[in-house]
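Observations on chain architecture
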Amino acid sequence: MAPDDRSAASFESALSSVSAVEHRDLANAIRALAMDAVEAANSGHPGMPMGAADMATVLFGRFLKFDPMDPGWADRDRFVLSAGHGSMLLYALLHLTGYEDMTLEELKNFRQLGSITAGHPEYGHAAGIETTTGPLGQGIATAVGMALAERMMAARFGGDVVDHYTWVIAGDGDLMEGISHEAGSLAGHLRLSRLIVLYDDNNISIDGGTDLALSDDACARFDSYGWHTARVDGHDPDAIAAAVEDARKDGRPSLIACRTTIAYGAPTKAGTAAAHGAPLGKDEIAGARAALGWSYGAFEIPGAVLSAWREIGARGAAANAAWQGRVAKMDAAARAEFERTLAGRLPQGWQDAIDAAKRGFTVEAKTLATRQSSGAVLEGLTAAVPELAGGSADLTGSVNTRTRAHRPVRAQDFSGGYIHYGVREHGMAAAMNGMALHGGLIPYSGTFLIFSDYMRPAIRLAALMKQRVIHVATHDSIGLGEDGPTHQPVEQLASLRAMPNLNVFRPADAVEVAECWALALESEYTPSVMALTRQGLPLLRTTHTDENLCAKGGYVLAEADGERKVTLLATGSEVSIAMAARDALRADGIGAAVVSMPCWSRFDAQPADYRESVLKKNTVRIAVEAGVRLGWDRYIGPDGGFVGMTGFGASAPAAALYAHFGITAEAVAAEARMRLD
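Residues numbered from 1 in each chain as written. Predicted model: local features only at pLDDT ≥ 70, side-chain atom pairs only at ≥ 80, totals over all residues. Heavy atoms only, no water.

Bringing the overall build of the protein chain into the picture now. Across its full length, the protein chain holds 27 helices and 20 strands. Rg of the C-alpha trace for the protein chain: 28 Å, near the compact-globule value of 26 Å for 677 residues, within the 12% margin. Summarising its shape, the C-alpha atoms of the protein chain cover approximately 90 × 55 × 45 Å along the three principal directions. The buried share among the 677 residues of the protein chain stands at 61%. Long-range contacts, defined here as pairs at least 24 residues apart, represent 78% of the contacts in the protein chain between residues at least 6 apart. Accessible area for the protein chain stands at about 24,200 Å²; split by element, carbon and sulfur atoms hold 50% of it. Looking at the protein chain, you have 60 positive and 80 negative side-chain charges, and the mean spots of the two groups are 4 Å apart. (Helix = DSSP H or I, 4+ residues; strand = E, 2+ residues; numbered from the N terminus. Rg over C-alpha atoms; globule rule 2.2 N^0.38 Å. Buried < 20%, exposed > 50% of the residue type's maximum accessible area, 1.4 Å probe, protein only. Contact = heavy atoms within 4.5 Å. Areas by Shrake-Rupley, 256 points an atom, 1.4 Å probe, with all protein chains shown as cover. Lys, Arg positive; Asp, Glu negative; His and termini not counted. Charge placed at Lys NZ, Arg CZ, Asp CG, Glu CD.)

Now the structure itself:
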């Protein structure tokens, strides 16, 4: 037996016993709980759980490797309900199989304030929820990252200890969303054979039949990506199981189109859009109970059925114990490294790479684009932190995210550390979320800041789920020059800064780049965006200090000579402009300080007295940034000045653009003088 198959085969053996309870009763328990919970909440989506109950019962009852008593078991199969609106399907399964926190009371409190049974599954609310879903397409794309992480971890630590599948139940809406194309294409290219998608093919959308807007052949589409595909009756458990068996034997990712009836069993609403997003109503539920042969009351699960489901939940314990035994037999150093990466702890001494980069930058004092200095920092970090998994959206040479320590990940070899995502920014960001959720890897990627608009839904989910993913976003302003306004970010910084729990770093020089990378790695529960320049910047931090000055988000880079009358605030490439304005004001006998603000959210988290010591509210405050003003007023006050962009950019060399739009030291100094008069 191959090592990869060992735990899977052990689990399948445990599943071979046949319960006296029929499949129909197991599936109907899910349907009943979904109907009852949605009715109690007077809100929700009963149709999807009722239609998908058969495939979910086959998956959990015959194939899924999991242990409710150890929900975080690292080698468990991952199950993603991409059709997150059908959340009661997942909650019912978690309750029935014995997850301790998913009590019957929680099901009765579906969609209520403070319950763990939110309208859409939310990661961290309850054990067994592998990712937050709801925005359609995100789940299947996140699952691609999970499946990729499994293969990369198996390549590093071996199939004895990393050997599991990623399963998805996805709906028509998931496959309509464009991100499903990006994710499906990437998964097929990489031949992620441990990824199996059960497609709830019910032909219904909110507006009505899917034929209103859809005439795709989903299987043909995924065939073209290089997937294995199959079509089955989604209410025939043996046909579903046979298709899954075939999928597991194939060397490609699999899509199994399961033709189902939404709200299966409902007498008048089955197969209609009326069952998609509203309670069925008491009469319809009574009719469904009669049609299904389910004579039990609301939220009532007969003892034999519950026992059978709990038996299914208990079966994974043996596979878990066997896995723990194999982990215990690993070489001590390898086991320690395996456990460290799974726990998300950074290796001892990783900060030395940051310190070495900072010292090197101050000694060399070169003019560097911050994208270049980021690449230099990554050279040290990827050698020191092997779980860093890099990549880019077909912009490797521009974003400097690949280092000498990284080889490309390929379908034939997952031992590399660099992923060529292709021109798939949205799919890339979602896959990175999946890699982070899987555990054992810290994903980072690169593209241009303007394309963060493509990634925003996935970045938002990373922030919501508190995942450590790092997005290198270069070409961060009009400073990119000739590519023009389609590529020049203007409003993107403000937009990203508005997002809760997101570090938006915009470092001013190479030393700040190194410090911001350290902060991004230390932010275990916060994703980060590194906004970096195309154009070269002078070194401003010319004296080495061990302290990470960027840690406070904003700090006084250069204090005024004598009494401070003006405070100049800036980020990134405009900090050097502020420094030149400071010199001009000093020549006029005006004391001006320069404040670098590489991360607003970190600055906002500082004590009030520190913020006041930096901002000095009794001074004239001027902000300069090659973006829109939005957000700056809380730092500069109602009487403060702003030098930046008021509209879109233009196509020209960077220096000409800064002069054309008036983002110059002279303009900054003039704003200050005007307010001093």
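Within the structure shown, the criterion is met by 18 aromatic pairs. Taking 5.4 Å as the distance between ring centres and 65 degrees as the angle between the ring planes, the aromatic pair formed by Phe 60 and Phe 66 counts as edge-to-face. Pairing Phe 448 with Phe 451 gives two aromatic rings, centres 5.9 Å apart and planes at 10 degrees, and the pair type is stacked. With respect to class, Phe 448 is no different from Phe 451; both count as buried. Taken together, the aromatic side chains of Trp 600, Phe 603, Tyr 610, Trp 632 and Tyr 635 make up a single cluster linked through ring pairs. Sitting over the ring of Tyr 165, Arg 194 keeps its end group 5.0 Å from the ring centre. (Phe/Tyr/Trp six-rings, centres within 6.5 Å; stacked < 30°, edge-to-face > 60°. Lys NZ or Arg CZ within 6 Å of the ring centre and 35° of its normal.)

With that out of the way, let us pick up the packing of helix H6 (residues 138-157) against helix H8 (residues 178-190). Relative to each other, H6 and H8 sit at 20 degrees, their axes nearing to 8 Å. Taken together, the axes of H6 and H8 are roughly parallel relative to one another. Our pair here, H6 against H8, has a crossing hand that is left-handed. Together, Gln 138, Ile 140, Ala 141, Val 144 and Leu 148 of H6 and Ile 179, Ser 180, Ala 183, Leu 186, Ala 187 and Leu 190 of H8 make up the contact between the two elements. Residues of the contact of H6 with H8, tallied by class, amount to 9 nonpolar, 2 polar and no charged. (Axes fitted to C-alpha atoms, helices over the stretch in contact; angles between N-to-C directions. Parallel < 35°, antiparallel > 145°, perpendicular 65-115°, else oblique. Left-handed = near helix turned anticlockwise from the far one by under 90°. Nonpolar A, V, L, I, M, F, W, Y, C, P; charged D, E, K, R; others polar.)

So, on to the environment of Val 490. Note on placement: Val 490 falls in the loop between strand E12 (470-474) and helix H20 (492-497). Note on Val 490: relative accessible area 5%, which makes it buried. For Val 490, the residues in contact, after removing those within four places along its chain, are Gly 627, Val 628, Met 645, Gly 647, Phe 648 and Gly 649.

What follows deals with the pattern of salt bridges. By the definition in use, this model includes 36 salt bridges. In this structure, Glu 150 and Arg 151 form a salt bridge, with 2.6 Å as the shortest nitrogen-oxygen distance. Here Glu 515 ties to Lys 358 by a salt bridge, and the two come within 2.8 Å at their closest N and O atoms. Here Glu 515 is found in helix H21 (residues 510-522), whereas its partner Lys 358 is found in helix H15 (residues 351-364), with 157 residues between them in sequence. (Salt bridge = Lys/Arg side-chain N within 4 Å of Asp/Glu carboxyl O.)

On the basis of which strands lie adjacent, the open sheet formed by 5 strands has the order E1-E2-E3-E7-E6 and parallel pairing. Edge positions in the sheet fall to strand E1 (78-81) and strand E6 (228-233), since each has one partner strand and no second. Geometrically, the sheet is characterised by an average inter-axis angle of 15 degrees between neighbouring strands, direction not taken into account. Where strand E2 (residues 166-171) meets strand E3 (residues 195-201), 6 bridges bridge the pair, whose relative direction is parallel. In the strand pairing of E3, Ile 169 is matched with Leu 198. (Pairing = 2+ DSSP bridges.)

Our next topic: unusual backbone geometry. Located in the positive-phi region is Ala 365, a residue other than glycine, with phi close to 50 degrees. Tracing the sequence through the fold places Ala 365 in the loop between H15 and strand E8 (368-369). Here the phi dihedral of Asp 394 falls at roughly 65 degrees; this positive angle occurs in a residue that is not glycine. On the secondary structure map, Asp 394 appears in the loop between strand E9 (388-392) and helix H17 (396-399). A residue is classified by how much of its surface remains accessible, and Asp 394, at 56% relative accessible area, is exposed.

Let's shift gears to the nonpolar core. Counting 76 residues, the largest nonpolar core has Val 377, Leu 381, Trp 517, Leu 568 and Ile 663 as its most contacted members. Tallying contributions element by element places H21 first for this core, with 10 residues. (Core = buried A, V, L, I, M, F, W, Y, C linked by side-chain atoms within 4.5 Å.)

Below, the discussion takes up the pairing of strand E14 (residues 528-531). Of the two faces of E14, the one carrying Ser 528 and Met 530 and the one carrying Val 529 and Ala 531 are both buried. Relative to E14, E12 is paired through 4 bridges, and the arrangement is parallel. In the strand pairing of E14, His 471 is matched with Val 529. Bridging between strand E13 (residues 503-505) and E14 involves 3 bridges; their strand directions are parallel.

Next up on the list: the environment of Ala 654. Structurally, the position occupied by Ala 654 is in helix H26 (residues 654-660). We classify Ala 654 as buried; its relative accessible area is 19%. Remark: the alpha-carbon pair of Ala 654 and Gly 481, spanning 173 residues in sequence, is separated by 4.4 Å. Once you skip the residues sitting within four places of it in the chain, Ala 654 turns out to touch Ile 478, Gly 479 and Gly 481.

With that settled, the discussion passes to helix H16 (residues 370-384). Helix length check: H16, at 15 residues, gives a terminal C-alpha distance of 21 Å against a target of 21 Å (1.5 Å per residue), a fit within 8%. At Leu 378, H16 shows its maximal kink, close to 25 degrees. Residues of H16 that are buried include every one of Thr 370, Arg 371, Ser 373, Ser 374, Gly 375, Val 377, Leu 378, Leu 381 and Thr 382, and no others. (Expected span 1.5 Å × (residues − 1). Bend = angle between axes of the 7 residues up to and from the residue.)

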